[in-house]
Amino acid sequence: MTEEEYKLFAEFEDRMRELIRLYDEKKRHIEVLEASLKEKNEIIRQNKQTIEALQTKYTDLHTAHILAGNEGEFQYARKRVNKLVREVETCIALLNE
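I will try to describe carefully the structure that is included in this document. Quick caveat, the model's predicted, so the values are computed rather than measured.

Describing the overall build of the protein
Here comes step 1: Per the secondary structure count, the protein includes 2 helices and 0 strands.
Here comes step 2: The buried share of the protein, reckoned over its 97 residues, is 2%.
Here comes step 3: Total accessible area on the protein stands at roughly 9,300 Å², and carbon and sulfur atoms take up 60% of it.

Some remarks on the pattern of salt bridges
Here comes step 1: One pass over the structure, following the stated rule, counts 6 salt bridges.
Here comes step 2: Across the pair Glu 42 and Arg 45 runs a salt bridge whose closest N-O atoms are separated by 2.4 Å. Pair noted here: Glu 42 and Arg 45 are both in helix α1 (residues 3-68), with a separation of 3 residues, about one helical turn.
Here comes step 3: Here Glu 42 falls in the partly exposed class, since its relative accessible area comes to 32%.
Here comes step 4: The exposure class assigned to Arg 45 is partly exposed, which follows from its relative accessible area of 37%.
Here comes step 5: One network of salt bridges, in which partners are shared, links Glu 18, Arg 21 and Glu 25.

Reading guide: rules and limits
Residues numbered from 1 in each chain as written. Predicted model: local features only at pLDDT ≥ 70, side-chain atom pairs only at ≥ 80, totals over all residues. Heavy atoms only, no water. Helix = DSSP H or I, 4+ residues; strand = E, 2+ residues; numbered from the N terminus. Buried < 20%, exposed > 50% of the residue type's maximum accessible area, 1.4 Å probe, protein only. Areas by Shrake-Rupley, 256 points an atom, 1.4 Å probe, with all protein chains shown as cover. Salt bridge = Lys/Arg side-chain N within 4 Å of Asp/Glu carboxyl O.

What follows is the structure, given as structure tokens:
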């Protein structure tokens, strides 16, 4: 091999080492990003559970407030419950036919 070819080969080796170094660096960066994404997804999952629990609690409190409210609200709630019971009974009757 000539001296020119040795220089080209040495330059090729240097560039290949640099390419491998860059590849390893990007690979580590991707791993960090994936770990961060998993963490964020877990936080989102926990927040969704919290929201669902709070919505259920709100609904329960709202229902309790209506039932414990003044006489007008109590009558409204009673009528609503009676209507729902009648609808359920109608559905059961249709299923038994």
